[in-house]
Amino acid sequence: MTDADDLRRRTAELLAAHPPTRLPPPPSNEGPAGPHRWSATDRLEFLRARFDAGLAWVHFPEGLGGLDAPRALQAVVDAELEGAGAPDNDPGRIGIGLGMAAPTILRFGTDEQKQRLLRPLWTGEEVWCQLFSEPGAGSDLAALATRAVRDGDTWIVDGQKVWTSSAHLARWAILIARTDPEVPKHRGISYFVCDMTDPGVEVRPLRQITGEAEFNEVFLTGVRIPDTQRLGAVGEGWKVARTTLMNERVAIGGARIPREGGMIGIAAADWRARPELRTHDLHQRLLKLWVEAEVARLTGERLRQQLTKGRPGPEGSGMKLAFARLAQEISGWEVEFLAEDGLTYDDWTMRRPDRVDFTGREAGYRYLRAKGNSIEGGTSEVLLNIVAERVLGLPPEPRTDKDVAWKDLPR
């Protein structure tokens, strides 16, 4: 069985086989050769070799980036590589693939799908996006109307998706579509992998309150998806989607941050740097938020320890709830503390960024961007229901549409 010492040995062998390139100095520099640095080619070759060595996700099966090792041992590999200055796979850019697509493919994909998709997903060669929400099916995702009609060995897909992060960068998408309108809404959905370069896929930017367009709307018109790109059985897409959604909420709300890191760290730094703006009331509120942020951080650590023993559960919804509330309250505190400086905004230029940065730029940006935290990845209202029913065991809300065919639901 793989242990920490074995992983350290494997990591050392990887680094020995793929050392960084020593770049020469600029022509005007007559000093010694430049330091070891990773060129773009070296970086990609290293990431591919790391995957092939089973050091990408050590808990994944052998041949798929892992070694069937305990998930907790991933920290050993990461620490060794970070200490050696090895390149990472830029997780902020490919978070949807890493946090949502990969665990879903691993659980429901065929052997061929796993072999084709997981390696370039992990190395960042192929970016992924998530085609779930629709203009008429956001909080009630199972009410989605995008149709997939079978035509021999392919499916013809028509519909519209919205709030799609990274669609302007993505090669692949995880997609849910209605394949049977004659049954209740949760039972008539199937799950597909959609090639975003296929004819009929149109991506349009959605400009947000921040001025950026990290989200998109995606129009699907006669898109032909081979049946070999379906995950799970026909009509069981909701079961597959629940795996994606649980992993999504862990990815958003359960990210590992250091003590006094993230949004609360910025607020605390502001407090220390601007003593002339301090008041007793603001101090008391900051202390309360600091304690709540630390409780959320430690709860996240416990959740990650639970994940080493199995798949994510509904507890991730609670973490995502806490993340959204704290981000909004802390960013609001920061704007109030900074007074007129908190109201400035550096640039409203419309950008299409390649990653989401919840804590980037200035206080005004953080305040506006945090407004989306209670919507994206499941609204806080929906997550409260999940926590109530699946964590606390409270009676579910009455649902009159549970046994009604989707085609007969009022719209």
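None of the values given here were measured: they were computed from a predicted structure.

### As for the pattern of salt bridges
Scanning all chains against the criterion turns up 39 salt bridges. Put simply, arginine 9 and glutamate 13 hold a salt bridge, and the shortest N to O gap is 2.9 Å. With arginine 9 and glutamate 13 both in helix H1 (residues 4-17) and four residues apart, this pair spans about one turn of that helix. By relative accessible area, glutamate 13 is classed as partly exposed at 46%. Salt-bridge contacts for glutamate 294 lead to arginine 259; the nearest nitrogen and oxygen are separated by 3.6 Å. Of the two residues, glutamate 294 sits in helix H8 (residues 280-307) while arginine 259 sits in the loop between helix H6 (237-253) and helix H7 (262-273), which places them 35 residues apart along the sequence. Taken together, the shared-partner salt bridges connect Asp6, Arg9, Arg10 and Glu13 into one network.

### Quick notes on the packing of H1 against helix H3 (residues 74-83)
Close contact between H1 and H3 brings their axes to 9 Å; oriented N to C, the two are set at 35 degrees. In the crossing of H1 with H3, the sense of the turn from one axis to the other is right-handed. Contacts between H1 and H3 involve Ala4, Leu7, Arg8, Thr11, Leu14 and Leu15 from the former and Val76, Val77, Glu80 and Leu81 from the latter. Grouping the constituent residues of the contact of H1 with H3 by class yields seven nonpolar, one polar and two charged.

### Side note on the environment of aspartate 180
Here aspartate 180 shows up in the loop between strand S6 (172-178) and strand S7 (189-195). Residues aspartate 180 and methionine 100, spaced 80 residues apart in sequence, show a C-alpha to C-alpha distance of 25 Å.

### Side note on the packing of aromatic side chains
Summed over all chains, the structure comprises 12 aromatic pairs. With a centroid separation of 6.2 Å and an interplanar angle of 45 degrees, the aromatic rings of tryptophan 271 and tryptophan 333 are classed as tilted. Of the two residues, tryptophan 271 is situated in helix H7 and tryptophan 333 in helix H9 (residues 315-337); the sequence distance between them amounts to 62 residues. Overall, the relative accessible area of 1% leaves tryptophan 333 in the buried class. Centroid distance tryptophan 271 to phenylalanine 337: 5.5 Å. Interplanar angle 35 degrees. Geometry classified as tilted. Placement of tryptophan 271 in helix H7 and of phenylalanine 337 in helix H9 is noted, with a sequence separation of 66 residues between them. Connected via pairs of aromatic rings, a cluster forms that spans Phe51, Trp57, Phe60 and Trp122. The ring of phenylalanine 219 carries the charged tip of arginine 204 above its face, separated from the ring centre by 4.0 Å.

Thresholds, definitions, all that
- Position numbers for residues count from 1 along each chain, tracking the sequence in the order it is written.
- Note on the predicted model: pLDDT of at least 70 is required for a residue's local features to be given, and 80 or more for side-chain atom pairs to be given and counted; whole-chain, interface and lining totals, by contrast, use all residues.
- Computation of side-chain values: all heavy atoms of the structure, hydrogens and water removed.
- Whenever Lys or Arg places a side-chain nitrogen within 4 Å of a carboxyl oxygen from Asp or Glu, that contact is recorded as a salt bridge.
- Here a helix means four or more residues in a row that DSSP labels H or I, a strand means two or more in a row labelled E, and each is numbered from the N terminus.
- Each residue gets one of three labels from its accessible area relative to the maximum for its type: buried under 20%, exposed over 50%, partly exposed in between, using a 1.4 Å probe on protein chains only.
- Axis definition: a line fitted to C-alpha atoms, over the contacting stretch in the case of helices. Angles run 0 to 180 degrees between N-to-C directions.
- Helix crossings get a hand from a simple test, with the near helix turned counterclockwise from the far one by less than a right angle marking a left-handed crossing and a clockwise turn marking a right-handed one.
- Contacts are assigned to residue pairs with any non-hydrogen atoms lying within 4.5 Å of each other.
- Following the grouping adopted for this structure description, the nonpolar residues are Ala, Val, Leu, Ile, Met, Phe, Trp, Tyr, Cys and Pro, the charged ones are Asp, Glu, Lys and Arg, and the polar ones are all others, Gly among them.
- Stacked, tilted and edge-to-face pairs are distinguished by plane angle, under 30 degrees for stacked and over 60 for edge-to-face with tilted covering the rest, among Phe, Tyr and Trp rings (Trp via its six-membered ring) whose centres lie within 6.5 Å.
- To sit over a ring, a charge needs its Lys NZ or Arg CZ within 6 Å of the ring centre and within 35 degrees of the ring normal.

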